[in-house]
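Summary of structural features
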Amino acid sequence: MKRALVLLLGLICLMSSACGIIPYQEGDINKKDENKPADPKVVSPMETSQEWTEKKVPQKQDQWNLLLVKKEYPLPEDFSVPELKQLKSGHMVDSRIYEDLQNMLDDAKAAGVSPIICSAYRSVERQTSLFNERVGKEKDLGKTEEEAAIAAAMVIAVPGTSEHNTGLAVDIVDIDYQLLNEEQENTPAQKWLMANSYKYGFILRYPKNKVEITGVIYEPWHYRYVGQEAAKEITEQGITLEEYLNRV
Ligand SMILES: [Zn+2]
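This one's a predicted model, so the numbers in the text were calculated from it and none came from an experiment. (Residues numbered from 1 in each chain as written. Predicted model: local features only at pLDDT ≥ 70, side-chain atom pairs only at ≥ 80, totals over all residues. Heavy atoms only, no water.)

As a further point, take the overall build of the chain. Each helix and strand in the chain was counted, giving 9 helices and 6 strands. Here the chain holds 248 residues, and the buried ones make up 45% of them. Accessible surface computed for the chain: about 13400 Å², of which carbon and sulfur atoms make up 53%. (Helix = DSSP H or I, 4+ residues; strand = E, 2+ residues; numbered from the N terminus. Buried < 20%, exposed > 50% of the residue type's maximum accessible area, 1.4 Å probe, protein only. Areas by Shrake-Rupley, 256 points an atom, 1.4 Å probe, with all protein chains shown as cover.)

Another point: the nonpolar core. Within the largest apolar cluster, 23 residues are counted, with the highest numbers of intra-cluster contacts made by Val 93, Leu 101, Met 104, Ile 117, Val 170, Ile 172 and Phe 202. If you list the elements that add at least two residues to this core, you get helix 3 (95–110), strand 4 (169–174), helix 6 (188–196), strand 5 (202–204) and strand 6 (222–225). Ignoring anything within four residues of it in the chain, the contact list for Met 104 reads Ile 172, Trp 192, Leu 193, Ser 197, Tyr 200 and Phe 202. Of all hydrophobic cores here, the second largest spans 12 residues; its members include Leu 68, Ala 230, Ala 231 and Leu 245. (Core = buried A, V, L, I, M, F, W, Y, C linked by side-chain atoms within 4.5 Å. Contact = heavy atoms within 4.5 Å.)

Geometry sets the ideal angles at a metal, namely 109.5 degrees for four tetrahedral donors and 90 or 180 degrees for six octahedral donors. Taken together, the protein donors to the zinc ion comprise His 164 (NE2), Asp 171 (OD), Asp 171 (OD) and His 222 (ND1), at separations of 2.1 to 2.8 Å. Around the zinc ion, the 4 donor atoms sit at angles spanning 51 to 154°, and that spread fits a shape best called irregular. Considered as a linear motif, the donors of the zinc ion on their single chain read H-x6-D-x50-H. One end of the pair, Asp 171, is in strand 4; the other, His 222, is in strand 6, with 51 residues separating them in the sequence. (Donors = N, O, S within 2.8 Å, 3.2 Å for Na, K, Ca; no water. Tetrahedral: all angles 85-135°; square planar, octahedral: opposite > 155°, others 65-115°.)

Our next topic: the side chain of Arg 122. Summarising the element assignment, Arg 122 is placed in the loop between strand 3 (115–119) and helix 4 (124–140). Separated by 3.0 Å, the side chains of Arg 122 and Ser 119 make a polar contact. (Polar contact = N/O pair within 3.5 Å; in protein donor to acceptor, adjacent residues only side chain to side chain.)

How two helices sit against one another is set out by the angle between their axes and by the gap between those axes. Running from N to C, helix 4 and helix 5 (residues 145–155) cross one another at 125°; their axes reach a closest spacing of 8 Å. Accordingly, the angle class assigned to the pair helix 4 and helix 5 is oblique. The hand of the helix 4/helix 5 crossing is right-handed. Where helix 4 abuts helix 5, its residues Phe 131, Arg 134, Val 135, Glu 138 and Lys 139 lie against Glu 145, Ala 148, Ala 149, Ala 151, Ala 152, Ala 153 and Val 155. Split by residue class, the contact of helix 4 with helix 5 holds 8 nonpolar, no polar and 4 charged. (Axes fitted to C-alpha atoms, helices over the stretch in contact; angles between N-to-C directions. Parallel < 35°, antiparallel > 145°, perpendicular 65-115°, else oblique. Left-handed = near helix turned anticlockwise from the far one by under 90°. Nonpolar A, V, L, I, M, F, W, Y, C, P; charged D, E, K, R; others polar.)

Time to look at the pairing of strand 3. Most of strand 3 sits out of view: 4 of its 5 residues are buried. Two strands pair when backbone bridges link them, and strand 3 and strand 4 are joined in this way by 4 bridges, in the antiparallel orientation. Looking at the pairing, Ile 116 lines up with Val 173 of strand 4. (Pairing = 2+ DSSP bridges.)

Turning next to the sheet that holds strand 3. One open sheet holds the 4 strands; their spatial order is 3-4-6-5, and the pairing between them is antiparallel. Each of the sheet's edge strands pairs with one partner strand only, and the pair in question is strand 3 and strand 5. Ignoring strand direction, the axes of neighbouring strands in this sheet form an average angle of 40°. One ladder, built from 3 bridges, connects strand 5 with strand 6; its direction is antiparallel. Along strand 6, the bridge assignment pairs Leu 204 with Tyr 223. Against the sheet, helix 3 makes contact with strand 3, strand 4, strand 5 and strand 6, and its axis sits at roughly 140° relative to strand 3, the strand it touches most.

Remember that the coordinates give geometry; whether it matters functionally is a separate question.
Structural data, given as structure tokens:
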């Protein structure tokens with residue numbers, strides 16, 4: 001089953017198109033975070049109250065910059081759209097990542113490469129309309145409502161399950177090669193970003209060798225802000241955000 005899924009994702013990758021139309025494979029499974037504090041009754045009497053207090057410290061995932069959003073972890077119900085700030089490209093991002101992102105792009109240009117952003121913040125409403133539009137097209141092909149929704153979810157993320165809904169993710173391509181496919185990794189802009197993005201708090205979110213963990217095809221254009229501390233650790237250890245958060 002997993003192999004079939006990977007093959008399917010690969011197929012979607014081949015179908016991927018120019019910058020701006022991004023293939024997504026994220027479904028609509030609503031799995032709640034099961035990471036609750038342990039029942040106080042089972043705490044060992046040896047544990048001090050200080051140790052117990054430490055256990056109740058918010059999980060990493062509760063930090064805004066480490067929010068995990070994917071099909072198994074849709075946006076929290078109390079998620080509110082952050083303050084957005086417009087980049088020079090016209091795209092919007094969470095204002096808290098603006099400076100690091102703009103610095104990264106400016107430094108890349110100073111280093112002689114030309115990255116451009118082709119997608120950034122996308123509202124859930126926009127995502128919903130894109131998704132419904134796709135469902136309509138699938139129904140026109142003779143599919144039932146359910147079949148159409150499944151088919152649509154193969155190419156467009158179900159609203160609320162895309163990192164782009166958070167304002168923390170950006171798709172970046174080389175100005176001389178704007179296709180969203182694996183060849184993107186060979187461009188000068190991408191090589192520079194892959195080597196340097198962590199310094200600015202970004203990680204390449206869906207690496208080639210981690211498809212089974214992320215559940216998303218290799219996307220050598222999708223960068224996610226996690227902050228400089230986490231980005232350094234994730235990069236140095238060669239892990240994913242899921243592994244960093246212990247949510248594999
Ligand atoms: Zn993306």
